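Report on the structure
Okay, here's what each chain looks like letter by letter:
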Amino acid sequence: LGIPADPLFRSASRKRKIRKMMTDKEFIDGAYKALYSKTMYVNGAFGAPATAYNKARYSNKKNSSRIYKIQNAPLGMYFFDCVCLVKGLLWGWRADPYDRNGGAIYASNVVPDVGEDSMIRMCTYSSTDFAGIVPGAVVWLPGHIGIYVGNGLVIEATAAWTGNVLMSCCANVG
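The structure presented is a predicted model; accordingly, all values stated were derived computationally and were not measured.

**Remarks on the overall build of the protein chain**
Looking only at helices and strands, the protein chain has 5 helices and 7 strands in total. Overall, the protein chain shows an N-to-C arrangement of helices and strands of α-β-β-α-α-β-α-α-β-β-β-β. Counting across all 174 residues of the protein chain, residues that qualify as buried make up 47%. Excluding contacts between residues fewer than 6 apart, the proportion of contacts in the protein chain whose partners are at least 24 apart in sequence is 62%.

**As for the packing of aromatic side chains**
Across all of its chains, the model carries 7 aromatic pairs by this definition. The interplanar angle of 85 degrees and the centroid separation of 6.3 Å between the aromatic rings of Tyr 58 and Phe 79 together place this pair among those described as edge-to-face. A residue pair is termed long-range when its members are at least 10 positions apart, and Tyr 58 in helix H2 (residues 52-58) and Phe 79 in strand E3 (residues 77-80) qualify at 21 residues. This pair shows no difference in class: Tyr 58 is buried, exactly as Phe 79 is. Pairwise contacts between aromatic rings join Phe 46, Trp 91 and Tyr 106 into one cluster. Cation over ring: Arg 100 sits above Tyr 53, and NZ or CZ is 4.3 Å from the ring centre.

What counts and how
- Residues numbered from 1 in each chain as written.
- Predicted model: local features only at pLDDT ≥ 70, side-chain atom pairs only at ≥ 80, totals over all residues.
- Heavy atoms only, no water.
- Helix = DSSP H or I, 4+ residues; strand = E, 2+ residues; numbered from the N terminus.
- Buried < 20%, exposed > 50% of the residue type's maximum accessible area, 1.4 Å probe, protein only.
- Contact = heavy atoms within 4.5 Å.
- Phe/Tyr/Trp six-rings, centres within 6.5 Å; stacked < 30°, edge-to-face > 60°.
- Lys NZ or Arg CZ within 6 Å of the ring centre and 35° of its normal.

Written out as structure tokens, the structure reads:
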């Protein structure tokens, strides 16, 4: 496949683990951890550190317009896309630079690997009325998803603007 061995990958065997239920505060704290980390928007990435292995892994046609940036990403950077930010946090991402996925365990915690449009359909409650939105809720529009963190603010990974995990204002929040 042409993907180099990952010398930083330290887990010889990783079984899917089901951790305790994540609280809204833990979810939001994880979103802030991603926000304050060096990040880059990369399709299909759920918190992978910028190792040689992951640069090769994500240099594909889904990321054809970003290959140069991916290949030149510095160590200490993490790769995310919008729905993979949400999934990565729920899968246990913790900014571990020595783990192939930053600490996230793929499809763990009973959270399936689905796109943003499928994820919102799985939510037990959804509304277009933002009057009662609470921190920790996901905010969705077709093809995009982010995390509401309170005070009218959303943490999201987007290719727009700066092309990373960023904080933006949520429309329709009073």
